[in-house]
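Here is how the chains run, residue by residue.
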Protein chains: 2
Amino acid sequence: MSMRKLGRALGVEAMALYHHFPNRTALLDEVVAAIAPEPPAPTSDWRADLAELSRQYRDMVNAHPHLLPVLLSRPSRHERAAATQEAQYAALRQAGLHGSALLDAHRTWGSYVIGYLVVEQQGRIGAHASREWRPAVTVDAPITAELDRYQAARDWDQQFDIGLAMQFDAITALAAGPH
Amino acid sequence: MSMRKLGRALGVEAMALYHHFPNRTALLDEVVAAIAPEPPAPTSDWRADLAELSRQYRDMVNAHPHLLPVLLSRPSRHERAAATQEAQYAALRQAGLHGSALLDAHRTWGSYVIGYLVVEQQGRIGAHASREWRPAVTVDAPITAELDRYQAARDWDQQFDIGLAMQFDAITALAAGPH
DNA sequence: ACCTGAACACCGTTCAAGT
DNA sequence: ACCTGAACACCGTTCAAGT
């Protein structure tokens, strides 16, 4: 996305965009706000709620992968982002967490989700783009070589859910631990 | 970093760089290879080993935050990256994991580390840069409001280790679970 | 109030020309 | 073998000028 290309695509032929948005960053923030989904209504099952919030976020990124750099560069400040964050906190409270422990869980879960999306996009473009650069011989990496036949065992959806379940298990342990 | 600025900084006055590197991407890959630390020798404590590998990676990024986008955009293919990955796998094998379960653990741990680094850089620049954009009133976000006084309870090092411990606990549970 | 066009200060990359 | 300089096709942003 570039201001000039967007102008051209809109027929508006140039950078009249600056009469509607102060700059490129502000325009992209509005785009992010426009595509952000509304958080789902909470149920009594915090795992299901947080899983759904995770899935929503991942679906948004996979629907608009070009926006990932924008999402990574700064926290979203729009109205729905605040509601979504509140819903995430509500799920963790339902899990029995409070105060600093709740924030620990939130940040750890959030880091996993963001990191997974980065790795997923990296993998999706690296897969069908560059077959060129295979590593050399990779001598003395026996475990890497042995694991090669398991590398394709999971698809992206499965892998995301497996890591998510691991986060939820860790959160359960945190809630059951020293309160 | 731009090719023109780098040329200027080297005194070489222009883009003679293309006689040494095919393009900007290749040059940055060499920089990444040059600053990548050697993986530490394994001990008998897989948690300590994987924690050290995590810490090394995080230290590298915090020493060179401008390289994070490069690291996120494609997997590193240099010699030391292969050795580091092998060391990561070795630690997880020491934890009692094999095959697909080992890869599940590796990808989940890796996603957490990468996501944390993204959030950390986002926070480090957002903190001392933009005081300007505070959210509006944020009505009906009671949990968010209540958690506000806990937001600064952890520093970046502590927070990273807490999430790392959660990953390790989830890995332990995975290794103890259905083999 | 909205759009245009030229301008400024940048990019990565190519390529003929110099030494 | 290595570097230069001009050129090409881009950027984001500003600003005076038009309607």
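It should be noted that the structure appears before, not after, this text.
Here we summarise the structure given alongside this text. (Residues numbered from 1 in each chain as written. Chains lettered and ligands numbered in written order. Predicted model: local features only at pLDDT ≥ 70, side-chain atom pairs only at ≥ 80, totals over all residues. Heavy atoms only, no water.)

Looking now at the pattern of salt bridges. Enumeration according to the criterion identifies 18 salt bridges over all chains in this entry. Glu52(B) is the partner of Arg55(B) in a salt bridge, and the nearest nitrogen-oxygen pair spans 2.6 Å. Residue Arg55(B) and its partner Glu52(B) are both found in helix α3 (residues 46-63); the two are separated by three residues, about one turn of the helix. Taking relative accessible area as the criterion, Arg55(B) reaches 38% and is therefore assigned partly exposed. Given a relative accessible area of 26%, Glu52(B) falls into the partly exposed group. Residue Asp157(B) pairs with Arg58(B) through a salt bridge whose shortest N-O separation is 2.8 Å. With Asp157(B) in helix α8 (residues 156-176) and Arg58(B) in helix α3, this pair connects stretches of sequence that are 99 residues apart. With a relative accessible area of 5%, Arg58(B) lands in the buried category. Bridged by salt links that share partners, the residues Arg58(A), Glu120(A), Arg124(A) and Asp157(A) form one connected network. (Salt bridge = Lys/Arg side-chain N within 4 Å of Asp/Glu carboxyl O. Helix = DSSP H or I, 4+ residues; strand = E, 2+ residues; numbered from the N terminus. Buried < 20%, exposed > 50% of the residue type's maximum accessible area, 1.4 Å probe, protein only.)

What follows is about the protein's contact with DNA strand C. Taken together, 15 residues surround DNA strand C, and among them Val12(A), His19(A), His20(A), Arg4(B) and Tyr18(B) come closest. In the environment of DNA strand C, a phosphate oxygen lies 3.0 Å from a nitrogen or oxygen atom belonging to the backbone of Arg24(B). Counting residues per element, the surface near DNA strand C draws most heavily on helix α1 (residues 3-9) of chain B, which supplies three residues. (Near = heavy atom within 4 Å. Polar contact = N/O pair within 3.5 Å; in protein donor to acceptor, adjacent residues only side chain to side chain.)

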